[in-house]
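What follows is the residue order along each chain.
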Amino acid sequence: MKISIWYFSGTGNTWYAAEEIAKALRIRSADTEIYSIEQCNADQVEHSIASSDVIGFGYPIYGSDLPLIMKEFLLSLPHRKSPVPVFLFCTQWIFSGDGTWAATEFLPPGYEVGWSRHFRMPNNICISLIRLPFTNDSEKIQKKVEKRIPSFQRFAEHIIENKPTRHGFTYGSTFLGLMQRSPFRRLYERLRDDIAADPSRCTRCGICIEICPASNLTFDDTGSVNTRGTCILCVRCYNFCPHQAITYMGRPHILSRGIPYRGPSGYNPAEHGRKIK
Ligand SMILES: Cc1cc2nc3c(=O)[nH]c(=O)nc-3n(C[C@H](O)[C@H](O)[C@H](O)COP(=O)(O)O)c2cc1C
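About the criteria used
- Residues numbered from 1 in each chain as written.
- Predicted model: local features only at pLDDT ≥ 70, side-chain atom pairs only at ≥ 80, totals over all residues.
- Heavy atoms only, no water.
- Helix = DSSP H or I, 4+ residues; strand = E, 2+ residues; numbered from the N terminus.
- Rg over C-alpha atoms; globule rule 2.2 N^0.38 Å.
- Buried < 20%, exposed > 50% of the residue type's maximum accessible area, 1.4 Å probe, protein only.
- Contact = heavy atoms within 4.5 Å.
- Areas by Shrake-Rupley, 256 points an atom, 1.4 Å probe, with all protein chains shown as cover.
- Lys, Arg positive; Asp, Glu negative; His and termini not counted.
- Charge placed at Lys NZ, Arg CZ, Asp CG, Glu CD.
- Near = heavy atom within 4 Å.
- Polar contact = N/O pair within 3.5 Å; in protein donor to acceptor, adjacent residues only side chain to side chain.
- Pairing = 2+ DSSP bridges.
- Right-handed = clockwise from strand over helix to strand, strands pointing away.
- Domains from an automatic or database assignment.
- Buried area = accessible area lost by both parts, 1.4 Å probe.
- Salt bridge = Lys/Arg side-chain N within 4 Å of Asp/Glu carboxyl O.
- Nonpolar A, V, L, I, M, F, W, Y, C, P; charged D, E, K, R; others polar.
- Core = buried A, V, L, I, M, F, W, Y, C linked by side-chain atoms within 4.5 Å.

Here we take up the overall build of the chain. Counting its secondary structure elements, the chain contains 9 helices and 10 strands. Its C-alpha radius of gyration of 19 Å places the chain within 12% of the 19 Å reference for a compact globule of 277 residues. Along the longest, intermediate and shortest principal axes, the C-alpha atoms of the chain span 55 × 35 × 35 Å. Taking all 277 residues of the chain together, 53% fall into the buried category. Within the chain, contacts between residues separated by at least 24 positions form 78% of all contacts whose residues are at least 6 apart in sequence. Carbon and sulfur atoms form 53% of the exposed surface of the chain, whose accessible area is close to 13,000 Å². A gap of 6 Å separates the mean positions of the 33 positive and 26 negative side-chain charges of the chain.

This is how it looks when you write it as structure tokens:
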């Protein structure tokens, strides 16, 4: 059985989930390929999708919704003449309600969801505005993400054994998901317009520009970091800036909270996310 997994990950959690699910599928003899949607071109997508017996899509939850980049990817998938079984997985801090079901709005005809699962992972929102609890302690992060491995393995088992399991596909979860998703979608344009670089901390190293999955950040004529209005709210620039110079809604990172969340060990946004040209 040939399986392809397509994922987006802002700060490493979904990357980790995708890798672990792929590992568990391979142990069960499935020929599994894994792709970051930031790093593949349309030809690759067309070819790999056409030759897959089962296809998986993974993404982080933003306000019970999918990241814009994932929505665009799903909408651009080639239409299938014959139906193909699909599994969906999302990573979230606490709750999304129907975070996987939300993807069905964007899947073209022929992609039939047989399995879906929500995985709880560490929180990646570290912005000063709302001060949610997060950890940057690599041992604690590793412990938390490794605790999920049995769930990844069970999910893989269900796929291989063709036991349909669909989390987030009930009326109750849709109702709860909509309670978060509706206000989040209404506020989206406002929320995505608030990233900036604090000139007193920014060294113009350009890392934020290189790792942004949405090409939102650029150097302006004066050499300062500027935005183009294409932010997808993944918080990668905020979390991975080596100088904590990225601000959100005008508020810089509170240095006494330590560095922001930077994902499970082994995650490197330049390697697993957007390619550095
Ligand atoms: C803009 C934004 C909105 C989020 N909304 C939710 C949410 O509604 N529910 C939740 O449990 N976690 C939420 N989170 C947390 C992430 O979904 C979670 O940490 C995820 O595992 C991050 O995955 P990644 O490291 O692959 O980007 C949100 C994170 C961001 C950046």
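For the ligand, the set of nearby residues contains 24 residues, the closest of which are Ser 9, Thr 11, Thr 14, Ile 61 and Ile 94. One nitrogen or oxygen atom from the side chain of Ser 9 is found 2.6 Å from an oxygen atom belonging to the ligand. When contributions to the shell around the ligand are tallied by element, the ones reaching two or more residues are α1 (13-27) and β4 (84-92).

The next point concerns the pairing of strand β2 (residues 31-36). Consecutive side chains of a regular strand alternate in pointing toward one face of the sheet and then the other. Pairing of strand β1 (residues 2-7) with β2 involves 6 bridges; the strand directions are parallel. Opposite Trp 6, over in β2, you have Tyr 35 as the bridge partner. Regarding the hand of the β-α-β motif, the stretch spanning β1, α1 and β2 is right-handed.

In terms of domain boundaries, the chain breaks down into domain 1 (2-182) and domain 2 (190-272). With centres defined by C-alpha atoms, the gap from domain 1 to domain 2 works out at 24 Å. Facing 31 residues of domain 1, the contacting portion of domain 2 comprises 30 residues. Interface area for domain 1 against domain 2, summed over the two sides, is near 2,600 Å², with a carbon-plus-sulfur share of 60%. Run the count over domain 1 and domain 2 and you get 1 salt bridge. For the salt bridge of Glu 38 with Arg 236, the shortest nitrogen-to-oxygen distance reads 2.7 Å. The tally of links from domain 1 across to domain 2 stands at 14 residue pairs in polar contact (both at pLDDT 80 or more). Where the side of domain 1 that touches domain 2 is concerned, the elements lending two or more residues are α1, α3 (68-75) and α4 (138-146). Looking at side-chain class alone, the side of domain 1 that touches domain 2 contains 16 nonpolar, 13 polar and 2 charged residues.

Counting 55 residues, the largest nonpolar core has Trp 6, Phe 57 and Leu 74 as its most contacted members. Two domains each donate at least three residues to this core, and these are domain 1 (2-182) and domain 2 (190-272). Residues within four places of Leu 74 in sequence aside, it is in contact with Phe 57, Leu 66, Ala 103, Phe 106, Leu 107 and Pro 108. Trp 15, Ala 18, Trp 115 and Phe 119 belong to the second-largest nonpolar core, a separate cluster that totals 28 residues.

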